[in-house]
Amino acid sequence: MNLKRKVLETVATVSFLRSFGYGTLWSFIVLFLTTYMHLPLALVGFYLLVVGVVGALMQIVFGALSDSYGRKKLIIIGQIGQGLSFIMFGFGIFIFNVLVVLGALFLQSIFSGMVFSTFNAMIADVFDENERFRGYAVQRALANLGWGIGPAIGGFVYEFHYYSISFMFMGILLSSISIILLSLPETNIKTKAFKISDIPGALLNKPFLIFSISGFISFLIFGQLTSTYPVYESQVNLIPVYLIGLTWTINGLMVGILQYPVAKFTNIKNSFNFLIFGIIIYGLGYFMLSLNSSILWLFSVMIIITIGEIVYSASATATAVNLAKPEDRGKYTGTFGFFTSIGRSAGPFFGGVVFALPVDYVLKWFLIFLTALISSILYFLVYIIKKDHRLKKSL
């Protein structure tokens, strides 16, 4: 089996299993903390922002470390740590201790960043610039199949009881995935000496910095999918939680089926078109939630939201990595992961602040859409800068 196939099959398989675990239980955490542990949405959002910032910062560190010491060791340690954080969360539910639950969330954020940034770097190691669009698409397709199956089960688990044993069992499963990773080849053979000064180095690349800021803003919107979206639909429109879980299933299955076919049309020349139009469609979908409260409308809007996600995601990570030098791929994937993770983590807080405004829900969701438009403008700015650089080189 050649190196490309081995790496992609292993990374995609593990991504599916991880997403299944997260989709089944982790996707309902905001709803659980606000409904059963009676924590305010703004407080939950703020805490997720804090742990997200810490975890995102560690992504930069882990990305740089993987450039120096290799990818495989960090992935295995991170995967075991993720499983242990699930077990800890389940124990916190069992004793109904908020501090233990919040501590588990903190650890999960750190270990998740370790795995995520290193996986992205491995794919960048073995695929060239144009192949990366399809490589990341395969990984994302399998990951979203897990995300599609998980919430369908998790919605029913949540309705009956958010059992602590469910988290403990899933924690054991996630830790066991590290056995699969033992056969994963090391892709970063030409390592370099680690320097603390290497960690923020990617930010000196102006187009990459603007691109990462736009990624942060984009993921503020992505963060609504498991925060304001389920809270709004369940508490305002009175949609049963299991039906919300089924909309997530539609989201995951659509991405799983369509992500690779869409990515086949993506390349270096048109990648920014996918980013710009994708995030606009995604933000527009959330605004459309405010226009009708029926179940049929909810499922229809989720299809639109998912189309935007597929179009955007066909290009995002590969475009970020393509801005990096070969010896700095881990640092760049970690840095981009830092911005997007903070964005996703800040999403619930951002949404909580928006929803606390004394205006109607149409305007609240419009502000979410406006955020998407700002992100699209920044992507267009990076495109102009890159185009200008290419013209100067050709002269």
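As the structure is a prediction and not an experimental result, all values here were calculated from the model.

What counts and how
Residues numbered from 1 in each chain as written. Predicted model: local features only at pLDDT ≥ 70, side-chain atom pairs only at ≥ 80, totals over all residues. Heavy atoms only, no water. Patch = residues over 30% accessible without salt bridge, like charges linked within 9 Å, V, L, I, M, F, W, Y side chains within 5 Å. Areas by Shrake-Rupley, 256 points an atom, 1.4 Å probe, with all protein chains shown as cover. Salt bridge = Lys/Arg side-chain N within 4 Å of Asp/Glu carboxyl O. Helix = DSSP H or I, 4+ residues; strand = E, 2+ residues; numbered from the N terminus. Buried < 20%, exposed > 50% of the residue type's maximum accessible area, 1.4 Å probe, protein only. Core = buried A, V, L, I, M, F, W, Y, C linked by side-chain atoms within 4.5 Å. Contact = heavy atoms within 4.5 Å. Polar contact = N/O pair within 3.5 Å; in protein donor to acceptor, adjacent residues only side chain to side chain. Axes fitted to C-alpha atoms, helices over the stretch in contact; angles between N-to-C directions. Parallel < 35°, antiparallel > 145°, perpendicular 65-115°, else oblique. Left-handed = near helix turned anticlockwise from the far one by under 90°. Nonpolar A, V, L, I, M, F, W, Y, C, P; charged D, E, K, R; others polar. Phe/Tyr/Trp six-rings, centres within 6.5 Å; stacked < 30°, edge-to-face > 60°. Lys NZ or Arg CZ within 6 Å of the ring centre and 35° of its normal.

Asks: Quick question: what am I supposed to make of a nonpolar patch on the surface here?
Replies: Taken together, the side chains of L357, V359, L363, F366, L370 and I374 define a hydrophobic patch exposed on the protein surface, amounting to about 440 Å² of accessible area. Positionally, L357 belongs in the loop between helix 15 (329–356) and helix 16 (361–394). Residue classification places L357 among the partly exposed positions, given a relative accessible area of 35%.

Asks: What exactly am I supposed to notice about the nonpolar core here?
Replies: Nonpolar side chains in soluble globular proteins tend to end up buried together. Within the largest apolar cluster, 88 residues are counted, with the highest numbers of intra-cluster contacts made by L33, F211, Y229 and Y286. A total of 10 residues in this core trace back to one element, the largest contributor, which is helix 5 (residues 98–126). Other than its neighbours up to four places away in sequence, L33 contacts H38, L39, V44, V101 and L105. If you look at the next biggest cluster of nonpolar residues, it comprises eight residues, including L220, F338, F339 and I342.

Asks: Explain the pattern of salt bridges here, please?
Replies: Two side chains bearing opposite charge may form a pair once their charged atoms approach each other closely. For the structure shown, the criterion picks out two salt bridges. Between R5 and E9 there is a salt bridge; the shortest N-O distance is 2.8 Å. Remark: E9 and R5 occur in helix 1 (residues 3–25); sequence separation between them is four residues, near one turn of the helix. We classify R5 as partly exposed; its relative accessible area is 49%.

Asks: Any chance you could explain the side chain of N251 here in plain terms?
Replies: Within the secondary structure layout, N251 lies in helix 11 (residues 241–263). N251 sits in the buried class, given a relative accessible area of 1%. Within the local environment of N251, its side chain forms a polar contact with the side chain of T306, the two groups lying 3.1 Å apart. Not counting chain neighbours up to four residues away, the residues in contact with N251 comprise N144, W147, L225, M302, T306 and E309.

Asks: Which parts of the structure should I look at to understand the packing of helix 9 (residues 206–222) against helix 12 (residues 271–288)?
Replies: Any two packed helices are characterised by how steeply their axes cross, that is the angle between the axes, and by the distance between the axes. Where helix 9 contacts helix 12, the two axes come as close as 10 Å, and the packing angle between them is 25 degrees. What the angle tells us is that helix 9 and helix 12 run roughly parallel. In the packing of helix 9 onto helix 12, the handedness of the crossing is left-handed. Where helix 9 abuts helix 12, its residues F211, S218, I221 and F222 lie against F272, L275, I279, Y282, G283 and Y286. A per-class count over the contact of helix 9 with helix 12 returns eight nonpolar, two polar and no charged.

Asks: Would you mind going over the environment of T249 with me for this structure?
Replies: Here T249 is to be found in helix 11. T249 sits 102 residues away from W147 along the chain, and the two C-alpha atoms are 6.9 Å apart.

Asks: What is the right way to look at unusual backbone geometry in this model?
Replies: A negative phi holds for most residues other than glycine; trans holds for most peptide bonds. The phi dihedral of F96 falls on the positive side, at around 50 degrees, and the residue is not glycine. Looking at where F96 falls in the secondary structure, it is placed in the loop between helix 4 (72–94) and helix 5. Residue L238 is not a glycine yet carries a positive backbone phi of 60 degrees. Among the structural elements, L238 can be located in the loop between helix 10 (228–236) and helix 11. Under the relative-accessibility criterion, L238 is labelled exposed at 67%.

Asks: Is there a simple way to think about the packing of aromatic side chains in this case?
Replies: The description of an aromatic ring pair uses the distance of the two centres, along with the angle that the planes make with each other. Throughout the structure, instances matching the rule amount to 22 aromatic pairs. With 6.2 Å between their ring centres and 85 degrees between their planes, F211 and F272 make a pair best called edge-to-face. Placement of the pair is F211 in helix 9 and F272 in helix 12, with a sequence separation of 61 residues. Under the relative-accessibility criterion, F272 is labelled buried at 9%. Between the aromatic rings of Y232 and W365, the centroid separation amounts to 5.4 Å while the plane-to-plane angle is 80 degrees, which identifies the pairing as edge-to-face. One end of the pair, Y232, is in helix 10; the other, W365, is in helix 16, and 133 residues separate them in sequence. For W365, a relative accessible area of 0% translates into the label buried. Across from the ring centre of Y361, 4.3 Å away, lies the NZ or CZ of K364, which sits over that ring.

Any functional reading would require information that these geometric values do not contain.
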